[in-house]
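Structural description and commentary
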Amino acid sequence: MLFSKVISKTKELVKQIVEPDAFKTACVISVVLVMGNTAYHVSSVNSTIKENAFAFLNQSNDLYLKQREETKRVLLPILKSECSSLKKAMRETVYHINSIDAIGLFNGDGVVYCESIRGKNNLNFYKLLNVSKLPEEGLSIGTPTYINIRSIFNYFNINKDTYIGIVSPKHHLLDIFSKTLENQHLKYQLLLNGALLAKNTDQIDGITLKAKDFPLTIKYEKQSQIYLDYIFHNLVLLLMIIVITFIVTPFALKYLKVRVLQRDLKYAIENETIDVYFQAIVNSKTNSPIGCEALSRWKHSKLGYISPAVFIPIAEQFQLIDDLTTLVLKKCIQMIESNPVFFANRYVSMNISRCSILVPEFITQLEHILELHPRTAKHLVLEITEEHKFNLEQVAELKKNLKRIELFGPSFSVDDFGTGYAGLDFLRNHKFRAIKIDRAFIHNIEENTDAISLLESIYDMAAHLDLKVIVEGVENKEQLDIVQSIGFKYIQGFYYHKPSQLEAFQAHYMLGDR
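Residues numbered from 1 in each chain as written. Predicted model: local features only at pLDDT ≥ 70, side-chain atom pairs only at ≥ 80, totals over all residues. Heavy atoms only, no water.

Further remarks concern helix 8 (residues 308-317). Considered for burial, the residues of helix 8 that qualify are Phe311, Ile314 and Ala315. End-on view of helix 8: buried residues confined to an arc of 100°, all on one side of the axis. Capping the start of helix 8 is the job of one residue whose side-chain oxygen sits 3.1 Å from the backbone nitrogen of Ala309: Ser307. (Buried < 20%, exposed > 50% of the residue type's maximum accessible area, 1.4 Å probe, protein only. Helix = DSSP H or I, 4+ residues; strand = E, 2+ residues; numbered from the N terminus. Arc of directions from axis to C-beta. Polar contact = N/O pair within 3.5 Å; in protein donor to acceptor, adjacent residues only side chain to side chain.)

This paragraph deals with a nonpolar patch on the surface. Side chains of Val236, Met240, Val243, Ile244, Ile247 and Val248 sit close together on the surface and give an oily, nonpolar patch of about 550 Å² of accessible area. Along the chain, Val236 turns up in helix 7 (residues 235-270). The class for Val236 is exposed, based on a relative accessible area of 60%. (Patch = residues over 30% accessible without salt bridge, like charges linked within 9 Å, V, L, I, M, F, W, Y side chains within 5 Å. Areas by Shrake-Rupley, 256 points an atom, 1.4 Å probe, with all protein chains shown as cover. Salt bridge = Lys/Arg side-chain N within 4 Å of Asp/Glu carboxyl O.)

Next up on the list: the state of the cysteines. Scanning the model with the defined rule gives one disulfide in all. In this model Cys83 forms its disulfide with Cys114; the gap between the sulfur atoms is 2.2 Å. An S-S torsion of about 95° defines the bridge between Cys83 and Cys114 as right-handed. Of this pair, Cys83 sits in helix 3 (residues 83-96) while Cys114 sits in strand 2 (residues 112-115), and the two are 31 residues apart along the sequence. Of the residues examined, Cys83 reaches a relative accessible area of 30% and is grouped as partly exposed. (Disulfide = S-S within 2.5 Å.)

With respect to the helices and strands, the residue Ile384 is situated in strand 14 (residues 380-384). Given the relative accessible area of 0%, Ile384 is considered buried. When sequence neighbours within four positions are dropped, the list of residues in contact with Ile384 reads Ile352, Arg354, Ile357, Leu402, Phe412, Ser413, Val414, Asp415, Phe426 and Phe432. (Contact = heavy atoms within 4.5 Å.)

Let us look at the sheet that holds strand 2. Hydrogen bonding along the main chain pairs the strands of a sheet, whether they run parallel or antiparallel. Spatially, five strands are ordered 2-1-5-4-3 in an open sheet, and the strand pairing comes out antiparallel. This sheet does not close on itself; its edge strands, each paired only once, are strand 2 and strand 3 (137-142). For this sheet, the mean angle separating the axes of adjacent strands, direction not counted, is 25°. Bridge count between strand 4 (residues 151-159) and strand 5 (residues 162-169): eight bridges; the pairing is antiparallel. Paired with Asn159 across the two strands is Thr162, which belongs to strand 5. (Pairing = 2+ DSSP bridges. Axes fitted to C-alpha atoms, helices over the stretch in contact; angles between N-to-C directions.)

If you walk through the whole model with that rule in mind, you get 13 aromatic pairs. Look at Phe106 and Phe153: their rings are 6.2 Å apart centre to centre, the planes differ by 40°, and that puts the pair in the tilted class. A residue pair is termed long-range when its members are at least 10 positions apart, and Phe106 in strand 1 (residues 102-106) and Phe153 in strand 4 qualify at 47 residues. Exposure class is identical for Phe106 and Phe153. Each is buried. Taken together, a centroid distance of 6.3 Å and an interplanar angle of 90° make the contact between Phe342 and Phe505 edge-to-face. Remark: Phe505 occurs in helix 16 (residues 502-509) and Phe342 occurs in the loop between helix 9 (321-338) and strand 13 (347-352); sequence separation between them is 163 residues. Each member of the pair, Phe342 together with Phe505, is buried. Members of the aromatic cluster, connected to one another through ring pairs, are Phe278, Phe342, Phe343, Phe505 and Tyr509. Here the basic side chain of Lys468 rests over the ring of Tyr490, its NZ or CZ set 5.1 Å away from the ring centre. Note that Lys498 overlies the ring of Phe494, its terminal NZ or CZ placed 5.5 Å from the centroid. (Phe/Tyr/Trp six-rings, centres within 6.5 Å; stacked < 30°, edge-to-face > 60°. Lys NZ or Arg CZ within 6 Å of the ring centre and 35° of its normal.)

Attention now goes to the confidence of the model for the chain. Low pLDDT means the predicted coordinates in that region are not meant to be read closely. Confidence along the chain averages 82 in pLDDT terms, with 83% of residues attaining 70 or more. For the stretch residues 13-18, pLDDT sits under 50, and the model shows six contacts to residues farther than four places along the chain or on other chains. (pLDDT = per-residue confidence, 0-100.)

Here we come to the pairing of strand 16 (residues 434-437). Within a regular strand, side chains alternate between the sheet's two faces. Residues Ala434 and Lys436 line one face of strand 16 and the alternating positions Ile435 and Ile437 line the opposite face, and both faces are buried. Here strand 15 (residues 411-417) runs beside strand 16; their pairing, made up of three bridges, is parallel. Residue Ser413 lies in a different strand from strand 16, and its bridge partner there is Ala434. As paired strands, strand 16 and strand 17 (residues 468-472) are joined by four bridges and run parallel to one another. Pairing of Lys436 across the sheet is with Ile470, part of strand 17. A crossover links strand 16 with its parallel partner strand 17, the connecting element being helix 14 (residues 449-464), and its sense is right-handed. (Right-handed = clockwise from strand over helix to strand, strands pointing away.)

Here we come to empty space enclosed by the protein. Scanning all chains against the criterion turns up one cavity of 30 Å³ or more. Each pocket or cavity is described by its volume, and for the largest cavity that value is around 50 Å³. Along its surface, the largest cavity is lined by Tyr347, Ser349, Val381, Glu383, Ser413, Arg433, Ala434, Lys436, Lys468 and Ile470. Within the residue set of the lining of the largest cavity, elements represented by two or more residues are strand 13, strand 14, strand 16 and strand 17. For the lining of the largest cavity, a count of residues per class yields four nonpolar, two polar and four charged. (1 Å grid on protein atoms, 1.4 Å probe; cavity = no way out; pocket = protein on both sides within 12 Å on 5 of 7 lines; lining within 4 Å. Points joined across faces, edges and corners; volume = space filled by probe spheres on them. Nonpolar A, V, L, I, M, F, W, Y, C, P; charged D, E, K, R; others polar.)

Printed below as a string of structure tokens:
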């Protein structure tokens, strides 16, 4: 109960730290990594088990081949000697080869005529072999009468009706098994000529392997304990994999998302599929527009509309902002030139990054476009954003380039005033047409007297500097009444008009002017 509560609380905490999509992805990746790691280990273990099973069979095979070769080497040269000489040679062989317990010579009828056991013949080969007719050679299991212990009987024909029989206690075979395969969590059965030598299960449905030269077989089946043991002994490693996955996944997803958006944004700019919406800037005294602002909008083919707060920083990060600005500028020029009556005394404003104004290639391109449209340029207002801090050298370059551009007709205003880096110092370096008060000052202004005091100060400052002030983000009548009471009259916000496509904007404002 306590463990389940701890797990539940941990999941809640992780979900608070990691975004939902990243959390789900991290869960999937963690499961895949842990299962993959475990499966790889188990596969490796299974491969090792199979190698060890073959090693067991090969070593067992070599053991019984060596028994035959050694006894044959010793007995074949003296095969016609008296039994006493043969018995001595057999006993010496038993003494020197640890895996041999007894050796005997017998004929095709199974009659032993000479053996290494003291006393009368004690080897009952037919009982050991459990056959009615003796094969040329073989390996079998039985119980010799002289020791009454189940043993391996290794026999082979060496000369017409002469056979050599070797008795080897089965523990020699099991010793090899214990060195190669024991403690590997196997269900197994060892069989010799179909007879059971050893087992740890009655039912088995697994892999069967056989020795090369002898009827020795091992059947084995992997146990689930292999998985459990690996997880238990590598719990710290697996937990580290999970923790690292949850740490890395959000960053990896964010990076991949940004890179995908960067690629698609580049394509959208190149193919001019970025839309330009227009939002009216209204004189609240007359309720008529004095102009409008052009706002880029991007509808992704799969993700739908992407917020400018997302794709504009990406455009800046990957050097796409200049191309995006150029595209919007061209659409603004088209808007003005296709509606000459409406824009006779009005303007279109658009954002331009301060960083772009420091790029010589962009300035040259901007001048070239404005030069082609001299009558239209005077109806353009370029709103400088304050998002980057400049040093004195950059400020000087900025001031020089602003004057260069103004020669072609457009004027400049400061966007999002009061929220960027430059503030009042920025106003000191150039004669701007207007400032735009950021929507952050208007949000909840009904309940924020400090914001009202700040707006009053901005109004007095702008009046002293002979600057037009546009208030952004006015969404309701109460906000409008407050900013009007301070003295502001130029308003941009949802209260008057939401950003809309060209056709909707024209239908709302220009129907009688075209």
